[in-house]
Amino acid sequence: MESALNSTSNLEGYLLRKFKRGGVREEEVNSMIFEVVSTTIFGAISLKAYLSKNWEGNDSKKINKIFALSGLNVKDGKQTLTTQQLRKKDYDWGTEYCYRIPLGRSFEDYLEKQSALEAGLNTRSIKLQFKDLKSLKLDRDIISNIKGLRSKKLTGNKEIEMSYDGLLKIKVYNEPLSKKILWNKEFLKVDTWKVLIGFNRTECIYHDFDKRKHLIIAGATGYGKSVIMKCIIISLILSKPDDVTFSLIDLKGGSAFARFKNAKQVINFGIENYEALEILKDIQKKMKEDYKKIVDNGFEDVVEAGISKRHFVVIDEAADLVDSKECMEILTDIVRKGRGAGYYVIYATQYPSAEAISMQIKRNIPARLCFVLDSSTASKTVLDQGGAEKLPEIEGRGIYKNVSQSIIQTPLIKNDDIDSLIKPYIVDKKEALNSETVKRQTGKDTVIFEKTRFS
Ligand SMILES: Nc1ncnc2c1ncn2[C@@H]1O[C@H](COP(=O)(O)OP(=O)(O)OP(=O)(O)O)[C@@H](O)[C@H]1O
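Residues numbered from 1 in each chain as written. Predicted model: local features only at pLDDT ≥ 70, side-chain atom pairs only at ≥ 80, totals over all residues.

The next point concerns the overall build of the protein. Per the secondary structure count, the protein includes 14 helices and 19 strands. The buried share of the protein, reckoned over its 455 residues, is 33%. If you take every contact in the protein between residues at least 6 apart in sequence, the share linking residues at least 24 apart comes to 67%. (Helix = DSSP H or I, 4+ residues; strand = E, 2+ residues; numbered from the N terminus. Buried ≥ 20, exposed ≤ 12 C-beta atoms within 10 Å, placed from the backbone. Contact = placed C-beta atoms within 7 Å.)

Annotation from UniProt places "binding site: ATP" (unreviewed entry) at Gly219, Ala220, Thr221, Gly222, Tyr223, Gly224, Lys225 and Ser226. Examined against the element boundaries, glycine 222 turns out to sit in the loop between strand 12 (215–218) and helix 8 (225–239). Among the residues examined, glycine 222 registers 12 C-beta atoms within 10 Å and is labelled exposed. Mapped onto the secondary structure, lysine 225 falls in helix 8. In this structure lysine 225 comes out as buried when scored by C-beta crowding, with 25 C-beta atoms within 10 Å. Setting aside its immediate chain neighbours within four residues, lysine 225 contacts Ile217, Gly219, Ala348, Gln350 and Phe371. (UniProt positions renumbered as here; feature names shortened; annotations may be inferred.)

Now for the site of the ligand. Near the ligand lie 16 residues; those nearest to it are Thr221, Gly224, Lys225, Ser226 and Gly396. The residue makeup of the shell around the ligand, split by class, is 4 nonpolar, 8 polar and 4 charged. (Near = placed C-beta within 6 Å. Nonpolar A, V, L, I, M, F, W, Y, C, P; charged D, E, K, R; others polar.)

Of the strand pairs in this sheet, strand 5 (residues 84–90) and strand 6 (residues 94–100) are connected by 6 bridges, and their pairing is antiparallel. Across the sheet, glutamine 84 pairs through a bridge with arginine 100, a residue of strand 6. Between strand 5 and strand 6, which follow one another and run antiparallel, lie 3 residues. Two elements, strand 6 and strand 9 (residues 168–173), share 6 bridges in a ladder whose sense is antiparallel. Looking at strand 9, one finds that glutamate 96 is bridged to lysine 171. (Pairing = 2+ DSSP bridges.)

Glancing now at helix 12 (residues 376–383). For helix 12, the set of buried residues is Ala378, Ser379, Thr381, Val382 and Leu383. For helix 12, the angular spread of buried residues about the axis comes to 165°, placing them on one side. One or two positions beyond helix 12, positive phi appears at aspartate 384, with a value near 70°. (Arc of directions from axis to C-beta.)

Within this numbering scheme, the UniProt entry marks residues 201–380 as carrying the feature "domain: FtsK" (unreviewed entry). Between the end C-alpha atoms of residues 201–380 there is a gap of 24 Å, over a span that is 37% helix and 22% strand.

Turning our eyes to something else, we now look at the nonpolar core. Soluble globular proteins tend to bury their nonpolar side chains together. Core analysis: the largest hydrophobic core is formed by 78 residues, its most contacted members being Ile217, Met229, Ile233, Val314, Ile334, Ile346 and Cys370. In terms of residue count, helix 8 provides more of this core than any other element does, 8 residues in total. Ignoring anything within four residues of it in the chain, the contact list for valine 314 reads Met229, Ile233, Phe246, Leu248, Ile249 and Ile346. Ile160, Leu168, Val172 and Tyr173 belong to the second-largest nonpolar core, a separate cluster that totals 15 residues. (Core = buried A, V, L, I, M, F, W, Y, C linked by C-beta atoms within 7 Å.)

With that settled, consider the packing of helix 3 (residues 59–69) against helix 5 (residues 114–121). In the contact formed by helix 3 and helix 5, the axes pass within 10 Å of each other and the chain directions differ by 140°. Taken together, the axes of helix 3 and helix 5 lie oblique to each other. Crossing handedness for the pair helix 3 and helix 5: right-handed. Seen from helix 3, the contacting residues are Asp59, Lys62, Ile63 and Ile66; seen from helix 5, they are Ala116, Leu117, Gly120 and Leu121. Tallied by class, residues from the contact of helix 3 with helix 5 come to 5 nonpolar, 1 polar and 2 charged. (Axes fitted to C-alpha atoms, helices over the stretch in contact; angles between N-to-C directions. Parallel < 35°, antiparallel > 145°, perpendicular 65-115°, else oblique. Left-handed = near helix turned anticlockwise from the far one by under 90°.)

Following this line, the structure appears as C-alpha cells:
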C-alpha cells in the first residue's frame, strides 16, 4: 500500500496510477469521491467518503445537531440546557448512545423527533471500514466493486431505537432489520409453551405462555396480527399436540382461523358475537370447575398441580365484543382467573380503544405485541407509552413488550405450509360429534366438546 492518502485529489491520482493499466476509464475514477486513510499503528485500513458537510459521517455529532435544530434544547434565562451525551458504546450491530435529557423535556419529546433523527442519520454519506474492505475483490474490477459497495452503503437505511430508563438511550443500527423472515419448524421449542414471536437484530424472541399467560396483539389493519396468531397456533399445536386445546373466536368472518377449524385441538370455533358469548360462558364455567379442583387438592395453580393441559382462547377483533357487557365481563374474569387454571387468552384488535383494552384487561395482560398504529394515544393504550405510531410501515414490524421491550420482525408463515403442517391433526368433527364424549351444543359454527380437562 502506498503512503497515507488524505485528500480526494491524492486518491484520484492514486487510483489513476494504480488502475489505468487495467483499462479503467479516467472519468470512472473521477466519479469516485473517496478518501483512503491507512493507519500503520493498527495495520488496518479504513476507507471513508464524505459527500457533503464535514460533520456528516459522524453519528454522534449529527444526533447532537438534530437535537439542537429540532428544538429539544431548553432555554433557562440566559442558559441553554442541552441533551448531554454521557456514553457511547460500539457493538457488532451498531452503536448505543446514552444521554441525560434537560429539565423540561420528556422521553415523548424525543420520540416525536425519531423520524428527524433517522432522516438525519441517513443523509447521503458513507463510511467504509476495514471489515467492508475485506469483502472487496482486489482484481481488475476493483472500481466497480468499490462502486457496488458504495451504492449498497448509500441505500442501506440506518434504523434507530429509543428507550428511557432515567437516561435516554439511542441505538443506531448499522443494518436495517430484515423485512421478511419465514417461519419454519426449526424455530419450534417442542414440549414447551414457548413460541417464536419474532426477531430483533441479535436474537430470536420467544413468548413463554407459562410465564406470561396472556398476550395482547394490536396494530393497524394489514400489518401482521392474523399472521402472528397463525404462527402461534401452529407452534402450540406442533409443540404440545396432546396438551393444547383452543377456542378460536374470529369476529372478522372466520378467514384467519378457518384452516385450524377441524384440527383435533380446536374444541370451540365461533365467528359470530352470539357464538363468542356461548364459548366464553362455557370456558368460564370449565375454568371455575378446574380451578376449584386445583385448589381443593391443595395446589396454587396448574403448574404446581403438575397438570399438563392448557386451553387457549384466541380472539381476533376483540373490539367487536365491546358492545356486549356480558362478553367483556366474562373475558375479564377469564383473564383474571385463567392463569391459575391454565386458561390463557390471546386478544387481538386493530382498534385499541380504552374500552377494547380496559384497565382490568391491561393489568392482567402485561405482555403486548404492537404493530404500527395511527396515533400515540393508541400506542399508549397498548404499550403504556408512545412509539408504535413511529414504527416504519413494514408488515410484520412490531414492538414486543414483556419484561423488556424491543422492536421485532415477526415471522411470516404461508397458508400452504400451515395446511401441510396441520394435516396430521385434522379430524372429522362430524364423526367426533357422534362419539360419547363429545356433544354439539350451540350454533352451526360452534362446537363444544364436553370432555372435561380432568377426565
Ligand atoms: N411477519 C410478516 N412479514 C412479512 N409480511 C407479513 C408479515 N405479516 C403479515 N405480512 C403481510 O401482510 C399481510 C396482512 O397480514 P395480516 O392478515 O396478518 O394483517 P392483520 O393485521 O391481521 O390485518 P387485519 O386487521 O385487516 O386483519 C399478509 O397477507 C402478508 O402478506
